[in-house]
Amino acid sequence: DDGEDEDEDEAAASAREPSWYSLHNMVAAGVSRYETLPGEWYGPGTACHVLRDLTEVHGRYDGGRCRKRHGRPVLRVHVAA
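Structural notes, computed from the coordinates.

**Some details on the packing of helix H2 (residues 23-34) against helix H3 (residues 44-61)**
At their nearest, the axes of H2 and H3 sit 9 Å apart, and the two run at 105° to each other. Relative to H3, the element H2 lies roughly perpendicular. In this structure, H2 contributes Asn 25, Met 26, Ala 29, Gly 30, Arg 33 and Tyr 34 to the contact, and H3 contributes Thr 46, His 49, Val 50, Leu 51, Arg 52, Asp 53 and Leu 54. Among the residues making up the contact of H2 with H3, the classes are represented as six nonpolar, four polar and three charged.

The structure is reproduced here in structure tokens:
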């Protein structure tokens, strides 16, 4: 069935893409920058800061692929102080 092959191809391509906003990356950013250990509460402020940091890393290391595809950053996070 061609539909199954297309689904498998899409899943394989997706597996090769980095998971910029994975739980693992959120925890790593929380530990390295905000000293929030795995299992500790990530309050709304910490979660916003971690997402902002991951967005900056994504933009820096993505090679501009998202910007080329969409003409603008796919995600921007502003954290009000």
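That was the structure; now back to the text.
**Considering the nonpolar core**
One broad rule of soluble globular proteins: the nonpolar side chains tend to lie buried together. Among the nonpolar cores identified, the biggest contains five residues, and these are Met 26, Ala 29, Tyr 42, Val 50 and Leu 54. Elements with a contribution of two residues or more to this core: H2 and H3. What Tyr 42 contacts, discounting residues up to four positions off in sequence, is Met 26, Val 27, Gly 30, Val 31, Thr 36, Leu 37 and Val 50.

**Description of the environment of Gly 39**
Its location among the elements puts Gly 39 in the loop between H2 and H3. Through-space distance from the C-alpha of Gly 39 to that of Val 27 is 9.0 Å; in sequence the pair is 12 residues apart.

Rules and cut-offs
- All residue numbers refer to positions counted from 1 along the written sequence of the respective chain.
- With the structure being a predicted model, the display of local features is reserved for residues of pLDDT at least 70 and the display and counting of side-chain atom pairs for 80 or more, all residues being used for whole-chain, interface and lining totals.
- Excluding hydrogens and water, the side-chain values take into account all heavy atoms of the structure.
- A fitted line through C-alpha atoms serves as each axis, taken over the contacting stretch for helices, and the angle formed by two N-to-C directions is quoted from 0 to 180°.
- Strands are runs of DSSP state E lasting at least 2 residues, helices are runs of H or I lasting at least 4, and numbering of each runs from the N terminus.
- Every angle not falling under 35 degrees, over 145, or within 65 to 115 is termed oblique; those three ranges are roughly parallel, roughly antiparallel and roughly perpendicular.
- Only heavy atoms enter the contact rule, under which two residues are in contact if any of them lie within 4.5 Å.
- Amino acid classes used here: Ala, Val, Leu, Ile, Met, Phe, Trp, Tyr, Cys and Pro are nonpolar; Asp, Glu, Lys and Arg are charged; the rest, including Gly, are polar.
- Residue types Ala, Val, Leu, Ile, Met, Phe, Trp, Tyr and Cys, when buried and joined through side-chain atoms within 4.5 Å, form a set referred to as a nonpolar core.
- Relative accessibility decides the category of a residue: with a 1.4 Å probe and only protein chains considered, values under 20% of the type maximum give buried, values over 50% give exposed, and everything between is partly exposed.

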